[in-house]
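# Coordinate inspection notes
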Amino acid sequence: MPTSPESSPRSQQLPEPERAREWLETMTLIRRFEERAGEMYARAKVGGFLHLSIGEEATIVGSARALREQDYLISTYRSHGHALVRGTPPENVMAELFGRVDGCSRGRGGSMHMFDLSRRFMGGYGIVGGNLPIAAGIALASDYKGSEEVTLCTFGDGASNQGTFGETLNLAALWRLPVVFMVTNNQFGMGTALGRHSAVTDLQRKGESLGVPGLRCDGMDVLDTYAVVSEAVARVREERRPLLIEAVTYRFRGHSMADPEQYRSKDEVARWRERDPLPAFAELLVREGVIDADERERVDERAIARVDAAVQFAEDSPFPAPASLYDDVYVLDAEVRGWYSVETAGDRAGDALGEERADARRQAANDEIPQQLTQALAAGEDSRESAAAVARDGAAGAGGDGAGG
Ligand SMILES: Cc1ncc(C[n+]2csc(CCOP(=O)(O)OP(=O)(O)O)c2C)c(N)n1
Ligand SMILES: [Mg+2]
């Protein structure tokens, strides 16, 4: 099964009809959303990169539905579906793609940096393998608090070759952290097939030597994914030991929007498309009498209408104000001067002037500026305007010559 589209037959239990319908609705929403996101990218409405997970919807929905609301989910740059499955409104996900203020990361992250703390979706990361140590940190915090929370960390087959994979699984096993690692084996790391980038292709076994046992699920089947991830999450919650799951799936589209796909044949894609998880699940629900053909049609129409609304919402949302450019970021003082600048000049040996300026800034940072900010925020003033005003005054005051460093 790992590298071919055939599934192994398993006995699979359908959930309650209401849940089954919700899973179908969510898978359909993700599919329609991503198709439209691709169109919007082609029309230059979306900047940067765009990675679609069309074909991987059963992996996303089956795994996320195995979580409780208090559990955490963290994924990669291929994460529109993860935001949607956790309940982030499609309007805010689309606005994020468009770089607008109503995006779930306020338009500052774009496609690769979805984030929704209120729904415990911890992002969206552009660095391959970069989310694994963060997941371990989240799980460590959950453990430290004595909570029952579990973290589900999804990443790609390619990421399983990163140093962070070994380092994180080792520590997670050693410290008995409540984290489920899930490698979404979609058969490729960019244009490199699994067998050409990983010495071990049976990915569920890749954590064994690190003390992390593995399980495998058919990531093209939402029922199997749900069953296996549920079992893993329950075990991790109970036993306080990490597990690794390999979800075997396939991405039907290119790695990102600019991918000539010369590394695979059309036949191979067509063979996997025969197992398209979305019609497979919809047909199962019709066969089992959970929905009828009309209902299936309506689910699709509703998803399309919701995505239409999301596009309109994103179009209507403004871009972030230019004055907010430096909100939430640290910048080097030599480049931009302000209370938010990170000191560098004072670190240079023998640079007396730099040290003097750094001292002045440190002094300012210690007292005046944060207090002014706190007061401004407490008075309910618009935080961005206040911050900008304080930054201007602070920079002038701290450096004497308006330089601040
Ligand atoms: C540390 C790092 N190295 C390289 C890249 C470039 N890169 C982006 S996606 C990708 C492939 C990762 O493949 P996989 O982990 O299987 O995830 P998938 O794209 O299939 O979801 C690479 C190498 C990166 N973003 N980060
Ligand atoms: Mg991959």
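In this report, the structure presented in the accompanying data block is examined. Only a predicted model underlies this, so the values are computations on that prediction, with no experimental measurement involved. (Residues numbered from 1 in each chain as written. Chains lettered and ligands numbered in written order. Predicted model: local features only at pLDDT ≥ 70, side-chain atom pairs only at ≥ 80, totals over all residues.)

### A few points about the pairing of strand S6 (residues 214-218)
Threshold: We treat two strands as partners when DSSP finds at least two bridges between them. For the purposes of this entry, the term helix denotes a DSSP run of H or I that reaches at least four residues, the term strand denotes a run of E that reaches at least two, and both are numbered from the N terminus. The crossover handedness rule: strands pointing away from the viewer, path from first strand over the helix to second strand clockwise, crossover right-handed.
The pairing of S6 with strand S7 (residues 243-248) spans 5 bridges and is classified as parallel. Bridge pairing links Cys-217 to Ala-247 in S7. With respect to chirality, the unit in which S6 leads through helix H8 (residues 222-239) into the neighbouring parallel S7 is right-handed.

### Observations concerning the nonpolar core
The following threshold applies: Think of a nonpolar core as buried Ala, Val, Leu, Ile, Met, Phe, Trp, Tyr and Cys residues chained together by C-beta atoms that fall within 7 Å. Counting other C-beta atoms within 10 Å of a residue's C-beta gives its exposure: the residue is buried at 20 or more, exposed at 12 or fewer, and partly exposed in between, where C-beta atoms are placed from the backbone. With C-beta atoms placed from the backbone, a contact is any residue pair whose C-beta atoms sit within 7 Å.
Membership of the largest hydrophobic core comes to 80 residues, with the highest contact counts inside it found for Met-27, Cys-153, Val-179, Val-180, Phe-181 and Ile-245. Those residues within four positions of Phe-181 in sequence are excluded, and the remaining contacts are Cys-153, Leu-169, Val-212, Pro-242 and Leu-244.

### Considerations on the pairing of S7
The buried count for S7 comes to 6 of 6 residues, which makes it a mostly enclosed element. Covered by surrounding structure in S7 are Leu-243, Ile-245 and Ala-247 together with Leu-244, Glu-246 and Val-248, the residues of both alternating faces. One ladder, built from 6 bridges, connects strand S3 (residues 179-185) with S7; its direction is parallel. In the strand pairing of S7, Val-183 is matched with Glu-246.

### Here's the deal with helix H4 (residues 90-97)
Since the α-helix turns once every 3.6 residues, residues separated by three or four places project in the same direction. Counting buried positions along H4 gives 8 out of 8 residues, so the element sits mostly inside the fold. Taken as a whole, H4 has its buried residues at Pro-90, Glu-91, Asn-92, Val-93, Met-94, Ala-95, Glu-96 and Leu-97. Elements that come into contact with the buried residues of H4 comprise helix H1 (17-42), helix H3 (80-86) and helix H11 (293-316). Residue Gly-99 follows H4 closely and has a positive phi angle near 70°.

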